[in-house]
Amino acid sequence: MQALKPGETIWDADHREAVRGFGVRRQRDQATYVLKYRLFGRQRFVTIGPHGAPWTPELARKEAKRLLGLVANGKDPADERSKARLQAADTLSVIADQYLRNAKERLKPRTYSEVERYLLVSWKSLHPVSVFQLTRRHISARVADIVSAHGAVSAARARTALSSMFNWAIREGLDIAANPVLGTNRPAQPGSRERVLTETELAAIWQPVAMTTTDASCACCYSQPNAVMK
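About the thresholds
Here the residue numbers are simple positions, counted from 1 along each chain's written sequence. Reporting in this predicted model follows two pLDDT cut-offs: at least 70 for local features of residues, and 80 or more for side-chain atom pairs to be given and counted; totals over whole chains, interfaces and linings ignore these cut-offs and use all residues. The side-chain quantities take in all heavy atoms of the structure and omit both hydrogens and water. Secondary structure is summarised from DSSP: a helix means a run of H or I of at least four residues, a strand means a run of E of at least two, and numbering begins at the N terminus for each. Note on classification: 1.4 Å probe, protein chains only; a residue is buried when its accessible area is under 20% of the maximum for its type, exposed when over 50%, partly exposed between these limits. Pairing of N or O atoms within 3.5 Å defines a polar contact, subject to two protein rules: one partner must be a possible hydrogen donor and the other a possible acceptor, and residues neighboring in sequence count only if both atoms are side-chain atoms. Residue contacts follow a heavy-atom distance rule, with two residues in contact if any of their heavy atoms lie within 4.5 Å. Strands are labelled as partners when DSSP assigns at least two bridges between them. Pairs were defined over the aromatic rings of Phe, Tyr and Trp, the Trp ring being its six-membered one, requiring ring centres within 6.5 Å. Orientation was assigned from the angle between planes: stacked under 30 degrees, edge-to-face over 60, tilted for the rest. Consider the ring centre and the ring normal. A charge sits over the ring if Lys NZ or Arg CZ is within 6 Å of that centre and within 35 degrees of that normal. Here, nonpolar core refers to any group of buried Ala, Val, Leu, Ile, Met, Phe, Trp, Tyr and Cys residues whose side-chain atoms link them within 4.5 Å.

A. Inspection of the side chain of Glu63 at higher detail. Looking at the element boundaries, Glu63 is found in helix H1 (residues 57-72). The buried category is assigned to Glu63, whose relative accessible area is 14%. Separated by 2.9 Å, the side chains of Glu63 and Arg66 make a polar contact. Aside from chain neighbours lying at most four places away, what touches Glu63 is Ile48, Trp55 and Arg81.

Listed below in structure tokens is the structure:
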């Protein structure tokens, strides 16, 4: 490595573990592992990483083999790296801001204010995470935290706001496999105050009614004796 001159490349060769196209190139004062490959008749280069932690020769060679596996399947490692960088830039914070700009134009002010609060405050701890890497586990754990801190109603509304944002993002063309909110448990809402009366309670209610009805019937009979005699 130290003997490499700027612009010079050493290719992996002359040993059993050699990987064709894998090499190390000196760029100014830094030695960098690279991979040269051909795809669809074109020669391409992709940078694996600079020599030094974590990139040892063995780890870089292993990564080169993985990248060549992509090439064998018709995928371009350079494009995959570029796509990964773009996806990493699409954090929850970035997409939430984009969604809120759109939502402000179509939601009523009060509704928008609530959605904004849930996305910017309730989900703040996940803002640095790429929306492509958010999982149901991330979301379920955060929903549980919101339930503990603010109650089930707030947690359910925060969950709905996030789900709406993901649905919007997918319709906008973000290649997210699926809305990660779907499949998570909705927080249990407070139970209804209504309940079914027991048989004893029903009997206590109907007994006076029945007696009243009987008394009324009897009174009717006494007031119309002729009708009864018929």
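From this point on, the discussion continues.
B. Representation of the pairing of strand E2 (residues 22-27) in the model. In this sheet, E2 lies alongside strand E1 (residues 9-11) in antiparallel orientation, the contact comprising 3 bridges. Across the sheet, residue Thr9 finds its bridge partner in E2, namely Arg25. Note that E2 and strand E3 (residues 30-39) share 6 bridges and pair antiparallel. Within E3, the position partnered with Arg25 by the bridge is Thr32. Two successive antiparallel strands, E2 and E3, enclose a turn made up of 2 residues, where Arg28 displays a positive phi of approximately 55 degrees.

C. Region of the structure containing the pairing of strand E4 (residues 42-50). Relative to E4, E3 is paired through 8 bridges, and the arrangement is antiparallel. Counterpart to Thr32 in the pairing with E4 is Pro50. The antiparallel hairpin formed by E3 and E4 contains 2 residues in its connecting segment, where Phe40 sits at a positive phi of about 55 degrees.

D. Local environment of the packing of aromatic side chains. Under the criterion given, the structure shown has 3 aromatic pairs. Taken together, a centroid distance of 6.4 Å and an interplanar angle of 40 degrees make the contact between Trp11 and Phe45 tilted. Placement of the pair is Trp11 in strand E1 and Phe45 in strand E4, with a sequence separation of 34 residues. Note on Phe45: relative accessible area 36%, which makes it partly exposed. Between Arg25 and the ring centre of Phe45, over which it is positioned, the NZ or CZ distance is 5.1 Å.

E. The arrangement of the nonpolar core in detail. By size, the foremost hydrophobic cluster in this structure holds 28 residues, and its most contacted members are Leu92, Tyr99, Leu119, Trp123, Leu162, Met165 and Phe166. Where this core is concerned, the elements lending two or more residues are helix H3 (92-104), helix H4 (109-122), helix H5 (136-150) and helix H6 (152-171). Considering each element in turn, this core owes the most residues, 8 residues, to H6. Those residues in contact with Met165 that sit more than four places away from it in its chain are Leu92, Ile95, Ala96, Tyr99 and Leu119. The next biggest cluster of nonpolar side chains, apart from the first, holds 17 residues, and it includes Phe22, Val24, Leu35 and Leu67.

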